[in-house]
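Examination of the molecular architecture
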Amino acid sequence: KQEVTQIPAALSVPEGENLVLNCSFTDSAIYNLQWFRQDPGKGLTSLLLIQSSQREQTSGRLNASLDKSSGRSTLYIAASQPGDSATYLCGLYQGSSNTGKLIFGQGTTLQVKP
Amino acid sequence: NAGVTQTPKFQVLKTGQSMTLQCAQDMNHNSMYWYRQDPGMGLRLIYYSASEGTTDKGEVPNGYNVSRLNKREFSLRLESAAPSQTSVYFCASSDGRRGNTIYFGEGSWLTVV
């Protein structure tokens, strides 16, 4: 059974710091991986999606990498801002058919202090 | 620009009562999902529908039923609510292909007393 772990569970950093969030998974036979942001009381918003054939994706200050062989993905946030404060979740697509079912890690709650 | 819309946003139920959570998407997506989110447990899939007319169980289906009414709508029913079903419920949709983005609703907060 695929298990997804995100460490640390919570992180507090000063504004301007570069940081890395981690996502590890037990079964390397994944199809794709997606990083989400969740603000308190809200749903999830997709940040980046990495296809299984890719090693990284970038969007603005965010960079996500994928290393299937080591069962690991990282989300790099450059020059963090207070507005980046949220919970970040990674989700893996599983299943052999052409349907997208995601399983999630428990998330990392990030606080960026002004 | 609605995306995925869930109703109600908040609900309090007594043990044994029934209710239906409604979900609709306006993106012409094939696949729809119901997840629940609990502290320390993360998001867990309850049911999903790969396409109109099909539904399948996820990780935690016990105590729930679903209906894919049409391509737009996917409802989740609690027939006899239990305190263990106190949770935040999220509906989501995607075009169904594994490589494509999934879109979430804003969530429904359900408390069973």
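All values derive from a computational prediction rather than experimental measurement.

1. Description of the overall build of chain A
Scanning chain A from N- to C-terminus turns up zero helices and eleven strands. Secondary structure elements in chain A, listed N-terminal to C-terminal, are β-β-β-β-β-β-β-β-β-β-β. Against the globule reference of 13 Å for 114 residues, chain A gives a C-alpha radius of gyration of 14 Å, in line with a compact fold. Taking all contacts inside chain A whose residues are at least 6 apart in sequence as the whole, residues at least 24 apart take part in 55%. Accessible surface for chain A amounts to roughly 5,300 Å². Of this, 47% is attributable to carbon and sulfur atoms. If you average the places of the 9 positive and of the 8 negative side-chain charges in chain A, the two averages end up 5 Å apart.

2. Some remarks on the interface of chain B and chain A
Contact with chain B, which involves 24 residues of that partner, is made by 26 residues of chain A. Interface area, chain B with chain A, both sides summed: about 2,000 Å², of which 51% is carbon and sulfur. Counting across the chain B and chain A interface gives two salt bridges. Notably, a salt bridge pairs lysine 42 of chain A with glutamate 106 of chain B, separated by 3.4 Å at the nearest N-O pair. Across the contact surface, chain B and chain A share three residue pairs in polar contact (both at pLDDT 80 or more). Where the side of chain B that touches chain A is concerned, the elements lending two or more residues are β4 (31–38) and β5 (42–49) of chain B. At four residues, β5 of chain B tops the list of elements feeding residues into the side of chain B that touches chain A. Within the side of chain B that touches chain A, the residues separate by chemical class into eleven nonpolar, eight polar and five charged.

3. Quick word on the side chain of serine 73 of chain A
Residue and element names in this part refer to chain A. Inspection of the secondary structure assignment puts serine 73 in strand β8 (residues 72–77). Serine 73 gets classed as buried once you look at its relative accessible area, which sits at 1%. Here serine 65 takes part through its backbone oxygen, which lies 2.7 Å from a polar atom of the side chain of serine 73. Leave out the neighbours within four places in its chain, and serine 73 touches Leu21, Asn22, Cys23, Phe25, Leu33, Trp35, Ile50, Ser65 and Leu66.

4. Concerning the sheet that holds strand β1 (residues 4–7) of chain A
All names here are of chain A. The strand order across the open sheet built from five strands is β1-β3-β8-β7-β6, with neighbouring strands paired in antiparallel fashion. Two strands close off the open sheet at either side, each with one partner strand: β1 and β6 (56–59). If you compare each strand with its neighbour and ignore which way they point, the axes differ by 15 degrees on average. Bridge analysis of β6 against strand β7 (residues 62–67) gives four bridges, and the strand direction is antiparallel. Opposite glutamine 57, over in β7, you have alanine 64 as the bridge partner.

5. Side note on the side chain of glutamine 38 of chain A
Its location among the elements puts glutamine 38 of chain A in strand β4 (residues 32–38). Residue classification places glutamine 38 of chain A among the buried residues on the basis of a relative accessible area of 9%. Of the polar contacts made by the side chain of glutamine 38 of chain A, one reaches the backbone oxygen of lysine 42 of chain A; its length is 3.0 Å. Ignoring sequence-local partners within four residues, the contact set of glutamine 38 of chain A consists of Gly43, Leu44, Ala86, Thr87 and Leu89 of chain A together with Gln37 and Phe90 of chain B.

6. Describing the packing of aromatic side chains
By the definition in use, this model includes ten aromatic pairs over all chains. Summarising the aromatic geometry, the rings of phenylalanine 10 of chain B and tryptophan 109 of chain B are spaced 5.7 Å apart at their centres and angled 40 degrees between planes, so their arrangement reads as tilted. Here tryptophan 109 of chain B lies in strand β11 (residues 108–112) and phenylalanine 10 of chain B lies in strand β2 (residues 10–13), a separation of 99 residues in the sequence. Linked through ring pairs, Phe36 and Phe104 of chain A together with Tyr33, Tyr35, Tyr48, Phe90 and Phe104 of chain B together constitute an aromatic cluster.

7. Structural notes on the state of the cysteines
Evaluated as defined, the whole model comprises two disulfides over all chains. Disulfide pairing places cysteine 23 of chain A opposite cysteine 90 of chain A at an S-S distance of 2.0 Å. For the disulfide bridge between cysteine 23 of chain A and cysteine 90 of chain A, the dihedral angle about the S-S bond is near 75 degrees, and by the sign convention the bridge is right-handed. Of this pair, cysteine 23 of chain A sits in strand β3 (residues 19–25) while cysteine 90 of chain A is found in strand β9 (residues 86–94), placing the two residues 67 residues apart along the sequence. What makes cysteine 23 of chain A buried here is its relative accessible area of 1%. The side chain of cysteine 23 of chain B participates in a disulfide bridge whose partner is cysteine 91 of chain B; the two sulfur atoms lie 1.9 Å from each other. A torsion of -75 degrees about the S-S bond marks the disulfide between cysteine 23 of chain B and cysteine 91 of chain B as left-handed. Linking cysteine 23 of chain B in strand β3 (residues 19–25) with cysteine 91 of chain B in strand β9 (residues 87–94), this pair joins segments that are 68 residues apart in sequence.

What counts and what doesn't
Residues numbered from 1 in each chain as written. Chains lettered and ligands numbered in written order. Predicted model: local features only at pLDDT ≥ 70, side-chain atom pairs only at ≥ 80, totals over all residues. Heavy atoms only, no water. Helix = DSSP H or I, 4+ residues; strand = E, 2+ residues; numbered from the N terminus. Rg over C-alpha atoms; globule rule 2.2 N^0.38 Å. Contact = heavy atoms within 4.5 Å. Areas by Shrake-Rupley, 256 points an atom, 1.4 Å probe, with all protein chains shown as cover. Lys, Arg positive; Asp, Glu negative; His and termini not counted. Charge placed at Lys NZ, Arg CZ, Asp CG, Glu CD. Buried area = accessible area lost by both parts, 1.4 Å probe. Salt bridge = Lys/Arg side-chain N within 4 Å of Asp/Glu carboxyl O. Polar contact = N/O pair within 3.5 Å; in protein donor to acceptor, adjacent residues only side chain to side chain. Nonpolar A, V, L, I, M, F, W, Y, C, P; charged D, E, K, R; others polar. Buried < 20%, exposed > 50% of the residue type's maximum accessible area, 1.4 Å probe, protein only. Pairing = 2+ DSSP bridges. Axes fitted to C-alpha atoms, helices over the stretch in contact; angles between N-to-C directions. Phe/Tyr/Trp six-rings, centres within 6.5 Å; stacked < 30°, edge-to-face > 60°. Disulfide = S-S within 2.5 Å.

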